[in-house]
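# Chain and residue survey
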Amino acid sequence: MHNEAILPSTANTAGAPAPGTVITAENLTKTYGNVAAVDGISFSVRAGESFGLLGPNGAGKSTTMKMIGGVTRRTAGNLRIMGLDPDTHGPEVRAHLGVVPQQDNLDEELRVRDNLLVYGRYFGLPLSYLKPKADELLEFAQLTDKAKSKVDALSGGMKRRLTIARSLINEPRILLLDEPTTGLDPQARHILWDRLFRLKEQGVTLILTTHYMDEAEQLCDRLIVVDKGRIMAEGSPARLIREHSTREVLELRFGSERNTTIAVELDGIGERLEVLPDRVLIYAADGESALEQVASRGLRPLTSLVRRSSLEDVFLRLTGRSLVD
Amino acid sequence: MSLTARRGAADQARNRTFGPLYSRNARAVISRGMKATMGGHWLVMLSGFFEPVLFLVSMGVGMGAIVGAVEGPDGTPVSYAAYIAPALLAVSAMNGAVYDSTWNVFFKMNFAKLYQGMLYTSLGPLDIALGEIFLALLRGMLYATGFTAVMAMMGLITTPWALLMIPASVLIAFGFASLGMAVTSFMKTFQQMDWITFIMLPMFLFSATFYPLTVYPQPIQWLIQAMPLWHGVELLRQISVGTFTAATPLHIGYYLVMTALGMLFTTVRLRQLFLK
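Residues numbered from 1 in each chain as written. Chains lettered and ligands numbered in written order. Predicted model: local features only at pLDDT ≥ 70, side-chain atom pairs only at ≥ 80, totals over all residues.

### Thoughts on the interface of chain A and chain B
Cut-off, in case you're wondering: Contact criterion: two residues are in contact if their C-beta atoms, reconstructed from the backbone, are within 7 Å. A run of H or I in DSSP becomes a helix once it reaches four residues, and a run of E becomes a strand once it reaches two; helices and strands are each numbered from the N terminus. For this scheme, ten residues count as nonpolar: Ala, Val, Leu, Ile, Met, Phe, Trp, Tyr, Cys and Pro. Four count as charged, namely Asp, Glu, Lys and Arg, and the remainder, Gly too, count as polar.
Facing the 34 residues of chain A at the interface are 33 residues of chain B. Among the elements that make up the side of chain A that touches chain B, the one with the highest residue count is helix 3 (residues 90-96) of chain A (six residues). Residue composition of the side of chain A that touches chain B, by class: 13 nonpolar, ten polar and eleven charged.

### Topic: the sheet that holds strand 12 (residues 280-284) of chain A
Residue and element names in this part refer to chain A. The line we're drawing: Two strands make a pair as long as DSSP finds a minimum of two bridges between them. Whenever a helix is involved, its axis is fitted only over the stretch in contact; in every case the axis is a line through C-alpha atoms, and angles between N-to-C directions fall within 0 to 180 degrees.
With respect to topology, four strands assemble into an open sheet ordered 11-12-10-13, the strand pairing being antiparallel. Unpaired on one side and paired on the other, strand 11 (272-275) and strand 13 (303-308) mark the two borders of the sheet. Each strand axis lies, on average, 20° off the axis of its neighbour in the sheet, ignoring direction. In this sheet, strand 12 lies alongside strand 10 (residues 248-253) in antiparallel orientation, the contact comprising five bridges. Looking across to strand 12, one finds that Val 249 is bridged to Tyr 283.

### A closer look at the pairing of strand 10 of chain A
Taken together, the six bridges between strand 10 of chain A and strand 13 of chain A define a ladder with antiparallel strand orientation. In the sheet register, Leu 250 of chain A faces strand 13 of chain A, and the bridge partner there is Val 306 of chain A.

### Section: the confidence of the model for chain B
Residues and elements named next belong to chain B. Heads up, the condition is: A residue's pLDDT is the confidence the predictor assigns to it, expressed on a 0 to 100 scale.
Scored by pLDDT, chain B has a mean of 87; 91% of the residues are at 70 or more. Mean pLDDT values for the elements of chain B range from 48 in helix 1 (residues 3-14) up to 96 in helix 9 (residues 228-241). Residue range residues 1-7 is modelled with pLDDT below 50. Its contacts to residues more than four positions away, or to other chains, number seven contacts. Throughout residues 12-18 the model reports pLDDT below 50, and contacts reaching past four residues in sequence, or to other chains, amount to 14 contacts.

Written as structure tokens, this is what we have:
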């Protein structure tokens, strides 16, 4: 509070967010009974930024998304979306938001194009605006030839694209994407990433949760790593990797029986050693030279692989657990 | 349309100030329901119209041949078909409203996840509740109009008062729909949904639908008079012949109170369910 007198123009309180900030969360908390799903997290998101919440299932990502959308009330803390409190201004806040939920909840009783039109009516938008907008979005989602199809005739990837098209009907400033590519095959994921990247280029603020590293690395400018409702780290994917991991990782498999026992013999190679049930990870700046050291000790892994560090390694380092188990 | 004009429309929608529960946009939910019905459900809807008609034909015409004339609401004898027809109309108003506000809502809430999608828009839970109830009432009104037309064709209508059975059916439907929706909000499984049928079937059979209340001993009469359907049966029976008594406003009042309590109850429940 003392800062306010000194730096009145930059003081970042919940009531007066910094210019260009679209989401401010301070000490955001949600408890169900005695369980804290979200346990005092703080972050802010600038307009046009692509912001990720990375964490395993049950980390509190979806609950955070629901609080942003104002469909779940927070237990404590401060939250402002475009300067508005979603608990008291739910409908107004949601007018700024596009939401792609974890499970597709398209209207199966309506056809593809009608899904867009009817959804737009929920925002109170007139049909004269919605009709051209729906066609434009079908084009964007590469679904123009499916306009009159029934929803249940669409593939999983098409349904996801329709859900994203639907979320854009009100020209939202912020798009919330909860696990956008979970359950999709690799090709469908890449099509979807391409579409999301285009939105990002158009200046839409993206907030996405994911437990896929590659997704977070592809789409997020900045992310928070969440575990058990708390923020473990925050930064750009590259920075997080730099700060919490080495440049390269050497993955060795000795067979499930020997991974644990062999760890002692690997001691001293690289900067850090991580023993998982199925493999041993050696963190080193130079993976190839680490592999040479392993060979020079007379150890013969069944398979070996040198790769760049990823957010998976960051998560492992921070929590001692892998993300997808 | 130019881009600026279209953005203007989106901005306009954004800038309205609404409470968290209601955005005065129930009509969007209503037009969604109409579109969905046109898209494929209208044939299923017809079954709701035929059910009371089939009862009327079998019980009224078939049983009526054995029963002969019975004492009507104003003391003069009427045909058995004319006696049960208003009761069947009340039953169909109840069934339609309860089906729409319980099974339909239960499915959309728990399986189609339709409401979850709606609630991520500017709609509030009250918009959804009002929209769904309106649709239930519209459907009830169509059934009531059809059934009244069938009564007219069978020569069971003798007074213009009988036309008032249509709005009265809507009132009955309103009472059941608003209460039904509140009750459904507690339901989590199909087994629990069956309890609703368990309550409705005896109410249908014993609410003076097919014979007068006087056949029961006094305590049973009181029990039935406490239940909502009996008031609906009595109200429509009185309207069908244009005979009104001191009990008429009581029957109407019963449904007004039921509707008000049901809506209040529904709003409280929606708040608990969706704004948690």
